[in-house]
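These are the residues of each chain, in order.
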Amino acid sequence: MMARGMVHLSGNFALIRGYFDRALGRSGASLRVVATSAVLACAFALAGCYGEEGYQLPTRAMKELSPEMLTLLQQKNMPKDSPILVRVFKEESELEVWKEDTTGLYQLLKVYPICRWSGELGPKKVEGDRQAPEGFYSIAPGLMNPNSNYYLAINMGFPNAYDKANGYSGGFLMIHGDCSSRGCYAMTDEQIGEIYSLARESFLGGQKQFQIQAYPFRMTPANLARHRTNPNMPFWNMLKEGNDHFEVTHMEPKVDVCDRHYVFDAQQPANSIKPLVFSPTTRCPVAPIVMGTDGGMNRVFVARLEETQPVYDNDGHIHAPPIHPGMPRPTISGPREDPEASVKTASVQKTGLFGGLFDRTTTQSTSQSTNQVASASTSSNSEGFFARLFKPKSEAAAQPAPQGTTLVGLKPTPEPRKVDTAKVETTKTGPQKFEPQKAETPAAPAPRTQAPQVASAAPTAGLIKGAQPLVPTGSFDSRWAGLQ
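All of these numbers come straight from a predicted model, not from anything done at the bench.

**A few points about helix H7 (residues 233–249)**
Compared with an ideal rise of 1.5 Å per residue, which puts 17 residues at 24 Å, H7 spans 24 Å between its outermost C-alpha atoms and is within 8% of the ideal. By the burial criterion, the buried members of H7 are Met233, Phe235, Trp236, Met238, Leu239, Gly242, Asn243 and Phe246. His250 occupies a position one or two residues after H7 and carries a positive phi of about 55°.

Okay, here's the thing in structure tokens:
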């Protein structure tokens, strides 16, 4: 069917001539760029419809980028004709266009919502299963279809080498417009027009082919865990390796196929002069990676590396040091990190609700001061109930109250003998019936206001053996002694 907006043959030749003019007009343009531009122009010309008036090319395939897109490219430091890369995510229904900036790395240019895709999560395997493909596909200029019945289309190139090696069948799977899908990724006409123009400009800039990475979903740990029971998980884990290569390096991964598997960024061995040759159905020629070390060793055993003579253990068994001439030293582990270091630091800096009750270190540190009397008072008042409850007996016995000494604010030590309290009160308040006549009896009792002076008396611990403790005058004991 003839599409609308065709260009006459003379206009088509003008288009080809314009490609050559733009390629030659670029500063420092190489022969590769000129050749690529020629191939692109011829591909577009051959893709046009042949009618009564000759080759015709739709104008929508040559539509210039919008001013908004040109502004966005300038803001992101991306040349108009720099290479592109496309990533597709089924579950999120999103298509990303990445483009090289002036640093030579791919950066995200724009995210397009996908209007429609068909099938389920997983690769396309059989023709007619309505599955949209998953995998890595290379798009050359010949896969750009300017005359699609769905406005514009980009053929994904299914089946690729991996698909063929695994026996998958199908074809003509596209990224196209018209928002209708039967195994394709359908966009709106405006979206595919912009994507098509970006690809066209990248070809003009010298890119021979661009890569499409089609994924079932974004390769995050959460998504992989959510779909862990899906039978396609081995295939998706393989795709994730290519995804990780791109996300880490922001460079297009080199994709090969061998043993019916994708291989990404395969490197030729350093001492090999033969290039790696990949066959989709045969064994992979990838050499093992050598890191230049021989296992590992914890740093506490580093001294064992210096041992050259046999040694005996505690059981009398002999142990000879391993002898591996030419082998590299093992990898020594780093210093051990204490996982509870932050918890310990926090416990010292900040005391919790019960921290002040049981933390003896904190109590002792706060009780140290230049003034021992004030320090003892502060420490005694600041200690909690449980701190005093569980204090060792040796600490409690270190500071006994002196016997027979009345301290200010404290009750006197009770006497061993039992005395009726009522009688004592009567003796204190009532008149004294018996006046002591002995000479050693003091003439007058000391006033009670001078009681604090008694607090300075020496404790009984320092008395000479056989001496009696000092008894305040006017007390019950002094009066009772006069009656005996």
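**A look at the confidence of the model for the chain**
Averaged over all residues, the pLDDT of the chain is 74; the fraction at 70 or higher stands at 55%. A low-confidence stretch, residues 404–410 stays under pLDDT 50, and its non-local contacts, those more than four residues away or across chains, total 10 contacts.

**Observations regarding the environment of Cys284**
With respect to the secondary-structure elements, Cys284 resides in the loop between strand S14 (261–264) and strand S15 (296–297). In this view, Cys284 contacts Cys258, Asp259 and Val263; residues no more than four positions away in its chain are not counted.

**Some points on helix H5 (residues 189–204)**
For H5, spanning 16 residues, the distance from its first C-alpha to its last is 22 Å, which sits close to the expected 22 Å at 1.5 Å a residue. Counting buried residues in H5 gives 14 out of 16 residues, a clear majority hidden from the surface. Positive backbone phi, approximately 115°, marks Gly206, located one or two places after H5.

**With respect to the pattern of salt bridges**
Taken as a whole and judged by the stated rule, the model has 12 salt bridges. Measuring nitrogen to oxygen at the nearest pair gives 3.4 Å for the salt bridge that ties Glu64 to Lys80. Taken as a pair, Glu64 in the loop between strand S2 (54–56) and helix H3 (67–75) and Lys80 in the loop between H3 and strand S3 (84–89) lie far apart in primary sequence, 16 residues in all. Given a relative accessible area of 47%, Glu64 falls into the partly exposed group. With a shortest N-O distance of 2.8 Å, Glu96 and Arg218 are connected by a salt bridge.

**What about the sheet that holds strand S7 (residues 135–139)?**
Taken together, the five strands give an open sheet; going across it, the order is S5-S4-S3-S12-S7, and neighbouring strands pair in mixed fashion. A single partner strand is all that each edge strand has here, and the edge strands are strand S5 (106–113) and S7. Direction aside, neighbouring strands of the sheet carry axes that sit 20° apart on average. Sheet topology note: the S7/strand S12 (residues 210–215) ladder contains five bridges and is antiparallel. Paired with Tyr137 across the strands is Ile212, a residue of S12. Contacting strand S4 (94–100) and S5, H3 runs over the sheet at an angle of about 150° to S5.

**Notes on the pairing of S4**
Among the seven residues in S4, five count as buried, and that is most of the element. Bridge count for S3 against S4 is six bridges, and the pairing is antiparallel. Bridge pairing links Ile84 to Lys99 in S4. In the sheet, S4 pairs with S5 via seven bridges, with the strands oriented antiparallel. In the strand pairing of S5, Val97 is matched with Lys110. Adjacent in sequence and paired antiparallel, S4 and S5 are bridged by five residues, among which Gly104 carries a positive phi angle near 90°.

**Considerations on the nonpolar core**
Most often, soluble globular proteins keep nonpolar side chains buried together rather than apart. Among the nonpolar cores identified, the biggest contains 52 residues, and Leu95, Tyr185, Phe210 and Tyr262 are the most heavily contacted of them. Counting residues per element, this core draws most heavily on H5, at six residues. Residues contacting Tyr262, with those up to four places away along its chain left out, are Gly135, Phe136, Asn160, Tyr162, Phe235, Met238, Leu239, Val255, Asp256 and Val257.

**As for unusual backbone geometry**
Cis geometry is found at the peptide bond from Phe158 to Pro159, where omega equals 0°. Structurally, Pro159 is set in the loop between strand S9 (153–155) and helix H4 (161–165). One non-glycine residue, His250, lies in the positive phi region at around 55°. Checked against the element boundaries, His250 lands in the loop between H7 and strand S13 (255–258). A positive phi angle, close to 50°, is found at Asp259, a residue other than glycine. Looking at the secondary structure, you find Asp259 in the loop between S13 and S14.

**Overview of the packing of aromatic side chains**
The final tally for this structure, using the stated rule, is 13 aromatic pairs. On the numbers, 6.5 Å between centres and 45° between planes, the contact of Tyr137 with Phe158 is tilted. You can see Tyr137 sitting in strand S7 and its partner Phe158 sitting in the loop between S9 and H4, a full 21 residues away along the chain. For the pair formed by Tyr137 and Phe158, the shared burial category is buried. When the centroid spacing of 4.5 Å and the interplanar angle of 15° are considered together, the rings of Tyr162 and Tyr262 count as stacked. With Tyr162 in helix H4 and Tyr262 in strand S14, this pair connects stretches of sequence that are 100 residues apart. By the burial criterion, Tyr162 is buried, and Tyr262 matches it. Members of the aromatic cluster, each reached through a chain of ring pairs, are Phe89, Phe136, Tyr162, Tyr168, Tyr215, Phe235, Tyr262 and Phe264. The ring of Tyr151 carries Arg60 above its face, with NZ or CZ at 5.3 Å from the centroid. In this structure, Arg218 is placed above the aromatic ring of Phe89, and the distance from its NZ or CZ to the ring centre is 4.1 Å.

The rules we used
Residues numbered from 1 in each chain as written. Predicted model: local features only at pLDDT ≥ 70, side-chain atom pairs only at ≥ 80, totals over all residues. Heavy atoms only, no water. Helix = DSSP H or I, 4+ residues; strand = E, 2+ residues; numbered from the N terminus. Expected span 1.5 Å × (residues − 1). Buried < 20%, exposed > 50% of the residue type's maximum accessible area, 1.4 Å probe, protein only. pLDDT = per-residue confidence, 0-100. Contact = heavy atoms within 4.5 Å. Salt bridge = Lys/Arg side-chain N within 4 Å of Asp/Glu carboxyl O. Pairing = 2+ DSSP bridges. Axes fitted to C-alpha atoms, helices over the stretch in contact; angles between N-to-C directions. Core = buried A, V, L, I, M, F, W, Y, C linked by side-chain atoms within 4.5 Å. Phe/Tyr/Trp six-rings, centres within 6.5 Å; stacked < 30°, edge-to-face > 60°. Lys NZ or Arg CZ within 6 Å of the ring centre and 35° of its normal.

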